[in-house]
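Residue-level listing of the chains:
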Amino acid sequence: MRIKGKDLKDLFKHAGLAVFQVSSRRQFTRNKTHIDIPVKLSADNLEELFVNWLNELLSLSQARGLIFHDLKIKKVEGGSLDAVAVGSDIANYKVNTEIKAATFHELKIAQGGSGWEAKVILDV
Amino acid sequence: MARTVPNLTMDDIALEKIDDYRWRIPRSYKPGMRVPGIIYADEKLLKDIRQDKALEQVANVAFLPGIVKASLAMPDIHWGYGFPIGGVAATDIENGGVVSPGGVGFDINCGVRLVRTDLQFEDVKDKLKELTYALFSDVPSGVGSKGDIRVGAKEEKELLVKGAKWAVEKGLGTQDDLDCTEEEGAIQGADPAAVSERAYERGKAQSGTLGSGNHFLEVQAIDQLYDRDACDALGLNSGQIMVMIHSGSRGFGYQVCEDYTRSMVHCLAKYNISVPDRQLACAPVNSAEGKAYLGAMKCAANYAWANRQCLMHLTRRAFERIFNMSWQKLGMSLIYDVAHNIAKIEKHIVDGKEKTLCVHRKGATRSIPAGHPALPQKYKKLGQPVIIPGDMGRNSYLLIGQEGAAETFYSACHGAGRVKSRTASARSTNADTLLKELASRGIIVKASGRETIVEEAPQAYKDVNDVVDVVHNAGLAKRVCRMRPLGVIKG
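Reference entry: report on the structure contained in this document. Quantities reported herein were computed from a predicted structural model and do not represent experimental measurements. Throughout this document, residue positions are counted from 1 along each chain, in the order its sequence is written. For this description, chains carry letters from A and ligands carry numbers from 1, given in the order in which they are written. Since the coordinates come from a predicted model, pLDDT governs what is reported: local features require at least 70, and pairs of side-chain atoms require 80 or more to be given and counted, while whole-chain, interface and lining totals use all residues. Side-chain metrics in this entry use all non-hydrogen atoms of the structure; hydrogen atoms and water are not considered.

### A few points about the overall build of chain A
As a reminder of what qualifies: The helix count covers DSSP runs of H or I at least four residues long, the strand count covers runs of E at least two residues long, and both are numbered beginning at the N terminus. The reference for a compact globule is 2.2 Å times residues^0.38; the radius of gyration itself is calculated from the C-alpha atoms. Partly exposed describes any residue whose relative accessible area lies between the buried limit of under 20% and the exposed limit of over 50%, with all areas from a 1.4 Å probe on protein chains only and scaled to the type maximum. Throughout, a contact is declared for two residues whenever any of their heavy atoms are within 4.5 Å.
Counting secondary structure elements, chain A contains 2 helices and 10 strands. Element order for chain A, N to C, with α for helix and β for strand: β-α-β-β-α-β-β-β-β-β-β-β. Whereas a compact globule of 124 residues would reach a radius of gyration of roughly 14 Å, chain A reaches 14 Å, a difference of no more than 12%. Counting every position in chain A, which comprises 124 residues, the buried fraction comes to 57%. Relative to all contacts within chain A whose residues are 6 or more apart in sequence, the contacts with residues 24 or more apart total 67%.

Here's what the structure looks like:
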């Protein structure tokens, strides 16, 4: 997956949403409830924080039976993240692919002229 | 004598040819390699293998502290994450040997079981559609599928320690099933306290589910016998109906791997370990972190054995309904169940001395010969059944472990091995065309989604016949019989 964002908050938001957009499609409205889940993470560096963030979302998604369709990133700095993941019932979605995890393999995160860019390989 | 074969392809790695089925990546390829890499392949397979970065990963695995003999690659090797898929690496635990969650993978104890029946193709051909649909209905499959086999909160920890025995005690199988399962369906040393709450939460409700991706349940017919004596010993004959089940530890295993990869990334600095890829994060087997991972990994392995036992129970029940006969009368006994994503503490001879090793098999099957102490009594004279699934359009194999596999820590391949990524396969395959083509060859496919069908198309895989040829000719396991698919359930 290659992801771009104008800043780090944008990059983390786009990456998190992309994980669910590539694997699922909203098809039904069986449950209209939206659930907010606070996510707070810390890591030794940005790359670890990025992988941990994606894995936390995948893990929460499977554990709680939710697909996350909105991510409110309050803070990404100094190896810590504070966010709220907004999900709705997985029963509202057609899930095509099970993503097991995000990996460190060939992981790249870099800042360029027009913002941030990341490349991450997912185990599917 | 080894000779260098340059320019075999565009790839930079100049391999040394050892013989027609063995190739070496010398230690000089990359500073930091502690041992050479050895790849089991013929020239035809090597061309496919060189299409991705798997050989580079074989070299990277050779950096692991305590690795002995070589970083090994089976002929179905393909690009993984950190470790190649089809990789085998053994570390000497008395000499700083490490364990790496990446050397097992996210789907801990993904594995295969093979069930025989007394049915012949003639008995099944007119009921194949009904049988395939019944299996699809009875065996939960697909992303996020939930099973009818419920595990109470208190039972969960019992299941993680007892593995397949938990299911048998629930009436979902027999002692004979356990005898015919690697580690008797429960590897010793599982530590439920080493498992995170999230892993429990993630694995909840998934017992007795097949999963998705490359997991499958197939009704197959034996179409080729190679070793008549072994077939007789196993009660197998041409045209006989078999069932193959491929599944793993589902979300439970993914979470265990993720939890410990996350913590072991920090062990690299703590134990002064240098590896070229953080997905190879590891810790000494004898460290607190290494022991905790192995305790949790064994829980996931046992979860997977319980899961495949439940899946076999559901399969037997579907057969009973369609053929109106008990599974015992249908002769549905388990040939064997093998893990192909696991790390195990085993004793092997290295440089003439017995060593206690942590053997990582990441997409590789244990392959022990006749007489080995780890064999159940019924296979002592025969050797371990080695089950090799292929793709949904070609074949699968049953082999038997050979003494020649001592050079691979008694390991063989685990499948056909991908040549195309899921995305590339999906782009180049039309589901309707593929289903029609398979139907014209008598293969019925039922899947939860069309995406799985195109991602798992036969052309996404190497020809398993070529892969098994190398395993047989290299002396790692010998061919017993070959099956062809009839009814395929995909997640």
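### Some thoughts on the sheet that holds strand β1 (residues 2-5) of chain A
Strands belonging to one sheet form pairs held by backbone hydrogen bonds; the direction of such a pair is parallel or antiparallel. All names here are of chain A. For the record, the criterion: When DSSP finds two or more bridges between two strands, those strands count as paired. Note on definitions: angles span 0 to 180 degrees between N-to-C directions of axes, and those axes are lines fitted to C-alpha atoms, for helices only across the stretch in contact.
With antiparallel pairing, the 3 strands of this open sheet are ordered in space as β1-β9-β8. Each end of this open sheet is capped by a strand with a single partner; those strands are β1 and β8 (108-112). The mean angle between the axes of side-by-side strands here comes to 15°, regardless of whether they run parallel or antiparallel. Pairing between β8 and strand β9 (residues 115-119): 5 bridges, direction antiparallel. Residue pairing in the sheet places A110 in a bridge with E117 of β9. Strands β1, β8 and β9 of the sheet are contacted by helix α1 (residues 8-21), whose axis makes an angle of about 145° with β1. The sheet strands contacting helix α2 (residues 46-64) are β1, β8 and β9, and the helix crosses β8 at an angle near 115°.

### Remarks on the environment of M244 of chain B
Looking at the element boundaries, M244 of chain B is found in strand β10 (residues 240-247). Beyond its immediate sequence surroundings of up to four residues, M244 of chain B is in contact with V112, R113, L114, F216, L217, E218, Q220, I387, P389, S396 and M483 of chain B.

### A closer look at the side chain of R308 of chain B
All names here are of chain B. Short version of the rule: N or O atoms closer than or at 3.5 Å make up a polar contact, with two conditions inside protein: a donor-capable atom paired with an acceptor-capable one, and, for residues adjacent in sequence, both atoms drawn from side chains.
Looking at where R308 falls in the secondary structure, it is placed in helix α11 (residues 288-323). Within polar-contact distance, the side chain of R308 engages the backbone oxygen of S247 at 2.9 Å. In terms of polar contacts, R308 uses its side chain to reach the side chain of D337, at 2.9 Å.

### Comments concerning the pairing of strand β9 (residues 216-225) of chain B
For a regular strand, the rule is simple: side chains alternate between the two faces of the sheet. Residue and element names in this part refer to chain B. With 8 of 10 residues buried, β9 is to be regarded as a mostly interior element. As paired strands, β9 and strand β20 (residues 477-490) are joined by 9 bridges and run antiparallel to one another. Each bridged residue has a counterpart across the sheet, and for F216 the counterpart in β20 is K490. With 6 bridges joining them, β9 and β10 adopt antiparallel strand pairing. Within β10, the position partnered with A221 by the bridge is I241.

### Points about helix α2 (residues 54-61) of chain B
The periodicity of an α-helix, 3.6 residues per turn, causes residues three or four places apart in sequence to face the same way. Residue and element names in this part refer to chain B. A large share of α2 lies buried, amounting to 7 of its 8 residues. Those residues of α2 lying buried are A54, L55, Q57, V58, A59, N60 and V61. For α2, the secondary structure elements touched by its buried residues are β2 (15-19), β3 (22-25), β4 (37-40), α1 (43-49), β5 (71-81) and β6 (83-92).

### Brief notes about unusual backbone geometry
Phi at E106 of chain A takes a positive value of approximately 60°, unusual for a residue other than glycine. Within the chain, D351 of chain B stands out as a residue other than glycine whose phi angle is a positive 50°. Structurally, the position occupied by D351 of chain B is in the loop between β13 (341-350) and β14 (353-362).

### As for the packing of aromatic side chains
The geometry of an aromatic ring pair is captured by the separation of the ring centres together with the interplanar angle, meaning the angle of the planes. As a reminder of what qualifies: Pairing of aromatic side chains here covers Phe, Tyr and the six-membered ring of Trp, requires ring centres within 6.5 Å, and sorts the geometry by plane angle: under 30 degrees stacked, over 60 edge-to-face, intermediate tilted. The rule for a charge over a ring is simple: NZ of Lys or CZ of Arg within 6 Å of the ring centre, and within 35 degrees of the ring normal.
By the definition in use, this model includes 8 aromatic pairs over all chains. For the ring pair F20 of chain A and F68 of chain A, a centre distance of 5.6 Å and an interplane angle of 80° mean the geometry is edge-to-face. One end of the pair, F20 of chain A, is in helix α1; the other, F68 of chain A, is in strand β4 (residues 66-77), with 48 residues separating them in the sequence. Both residues of the pair, F20 of chain A and F68 of chain A, belong to the buried class. An aromatic cluster of at least three residues, connected via ring pairs, comprises Y200, F252 and Y303 of chain B. In this arrangement the basic side chain of R30 of chain A is found over the ring face of F28 of chain A, its NZ or CZ atom lying 3.9 Å from the centre.

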